[in-house]
Amino acid sequence: MTTEKKQGSLKSTIAVSLTNYLDAGAIVAGASGLTLWQNYLGGPGVITETHLGLLNAISANCFGAAIGAIIGGRLADKYGRKTIYTYNMLLYMLGVLIVIIASNFPMLLTGLLITGISVGVGVPASWTYISETSEVGNRGRNIGISQLAWSVGPAIIFLLGWLVAGPLKESVHSLGAFILNTSDEASLNLFGNRLIFCILFIVALIAWLLQRQLNESQEWKEAKQVTTSKKRENSYKTLFTNVINVKTILYLVGIYLTWNFVAGAMGFFMPHVYETAGGLSNETANFLQMFMWGLTALFSFVGFAMLADKVNQRWLYFFGTLLGVLAWVVLTFVGIKSTAALWSFVILWGVHAGFGVQAFYALWASELFPARYRAAAQGVMFFIVRGLGAIWSFVFTGVFAAAGFYTAGVLMVILMLVSLFVGVISTPKTQGKSLKQITKERYGEENV
């Protein structure tokens, strides 16, 4: 591939990766201010753990994204990857805007739901587009860059959360008092979180302007030109009647669902857990999350983008995921109130998340299906994972409220072990192969 094409691949990867930035940003922007929203809307007596579970369930973390994914995956295969990028960010901006002006629980719920749907619509198209426009030797690198964006987003959001709750608190309160014309402490504390959502709105606008200029995936164009009746059959029917598809879905959902139960709960509830079970301030909780995501961003690049195309992927997956298991073992069995355990957890999980399950799932999910229903397959899997994640959010908050952190932590360790063993046992052999070669080996010449 020419230098010009390689540069084009990298540029398109960066533009599309903003979708991942906004995905994770939407989740953690709500997470960083969860306790603040709770206090603003009436306190724990009015906004209970169940209410918080509902916010997580319909957000970009769970059911909102699930709905969007099942729609967006099919649309991306039928009308093209570029179609998604032409309109989807407008939906994201609408959801974020509603959150910014929210004054009650239903408004907050609606804003997070719309934002979540937009995130779900964009994710299958983004991973698919990145893989289809990458040269063979850099597919892992480009997916790694998208994961870098996915982790930089939370790092920046938690940095902002830490700043508005700490060093810049007085300035933010003064600005909030002027704009909102109020001296209510809960309103002023929440104002900083509203500013964070304003920043997401601006980034989404930039992403929309960049993504509208992308060229359509050549592989999608070629798939659309095939006119045999087999190629035109219903993609969802094919997904669930083809044995190879079913096995692939079970494998990928197996590693991603169990991991996502852990990471999803962490992404939305961890600052709240730090504050309630660990007794930390909102400022300290956001600082810990900021540091963790900074490590994730670093190792998304040095641990995955730089290595995924060059080293044995089974061993890389094993080592990366093992760190995630150890993180929860330390936090659960040493204790969340231990400073040493808390920092060990932050470091271990931060490194793990850079080249663990999330990155490999994004890579393999975009490689293992034929082009004609590649995005739809990812949409189905994302729907399953985020949909069940919505249910899990209620389970997690229920266990946390009723049985305490230790029991919730033990569940996390078990889930991580399942993800580790399933992933290592059945690691696919796609490294160094083109998408067409992978499809031919798995499905036969007629499906290329």
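Calculation criteria
- Residues numbered from 1 in each chain as written.
- Predicted model: local features only at pLDDT ≥ 70, side-chain atom pairs only at ≥ 80, totals over all residues.
- Heavy atoms only, no water.
- Helix = DSSP H or I, 4+ residues; strand = E, 2+ residues; numbered from the N terminus.
- Rg over C-alpha atoms; globule rule 2.2 N^0.38 Å.
- Buried < 20%, exposed > 50% of the residue type's maximum accessible area, 1.4 Å probe, protein only.
- Contact = heavy atoms within 4.5 Å.
- Areas by Shrake-Rupley, 256 points an atom, 1.4 Å probe, with all protein chains shown as cover.
- Lys, Arg positive; Asp, Glu negative; His and termini not counted.
- Charge placed at Lys NZ, Arg CZ, Asp CG, Glu CD.
- Polar contact = N/O pair within 3.5 Å; in protein donor to acceptor, adjacent residues only side chain to side chain.
- Core = buried A, V, L, I, M, F, W, Y, C linked by side-chain atoms within 4.5 Å.
- Axes fitted to C-alpha atoms, helices over the stretch in contact; angles between N-to-C directions.
- Parallel < 35°, antiparallel > 145°, perpendicular 65-115°, else oblique.
- Left-handed = near helix turned anticlockwise from the far one by under 90°.

Enquirer: So what exactly am I meant to see when it comes to the overall build of the chain here?
Expert: Looking only at helices and strands, the chain features 20 helices and zero strands. Against the globule reference of 22 Å for 448 residues, the chain gives a C-alpha radius of gyration of 21 Å, in line with a compact fold. When the backbone C-alpha atoms are referred to their principal axes, the chain occupies close to 65 × 45 × 40 Å. Residues counted as buried form 59% of the 448 residues belonging to the chain. Within the chain, counting contacts between residues at least 6 apart in sequence, those at least 24 apart form 84% of the total. A total of about 16800 Å² of accessible surface is found on the chain, and carbon and sulfur atoms cover 68% of it. Taking the average location of the 30 positive side-chain charges in the chain and that of its 20 negative ones, the two points are 9 Å from each other.

Enquirer: Any chance you could explain the side chain of Q358 here in plain terms?
Expert: If you trace the backbone, Q358 turns up in helix α17 (residues 357–365). For Q358, a relative accessible area of 3% translates into the label buried. Polar side-chain contacts of Q358 include one of 3.5 Å to the side chain of Q147. Every residue in contact with Q358, bar those within four places of it in the chain, is listed here: W127, Q147, W150, Y256 and W259.

Enquirer: Where do I start with unusual backbone geometry in this structure?
Expert: Excluding glycine, most residues fall at negative phi; most peptide bonds, likewise, are trans. Of note in the backbone geometry, N181 takes a positive phi value of approximately 55° without being a glycine. You can see N181 is positioned in the loop between α8 (169–180) and α9 (185–211). The exposed category is assigned to N181, whose relative accessible area is 69%.

Enquirer: Explanation requested: the nonpolar core in the structure shown.
Expert: When a protein is soluble and globular, its nonpolar side chains tend to lie buried together. Ranked by internal contacts, the top residues of the largest apolar core, which has 129 residues, are L252, Y274, W328, F345, W349 and F369. Apart from the residues lying within four places of it in its own chain, the contact partners of L252 are Y361, W364, A365, L368, F369 and M381.

Enquirer: I'm lost on the packing of helix α7 (residues 139–165) against α17 in this one. Help?
Expert: Each pair of packed helices gets described by two things: the angle between the helix axes and the distance between those axes. Taken N-terminus to C-terminus, the directions of α7 and α17 make an angle of 130°; their axes are 10 Å apart at the nearest point. What the angle tells us is that α7 and α17 run oblique. Both α7 and α17 take part in a crossing whose hand is right-handed. Residue-level inspection shows R139, G140, I143, Q147 and W150 of α7 in contact with α17, the latter providing Q358, A359, A362 and L363.

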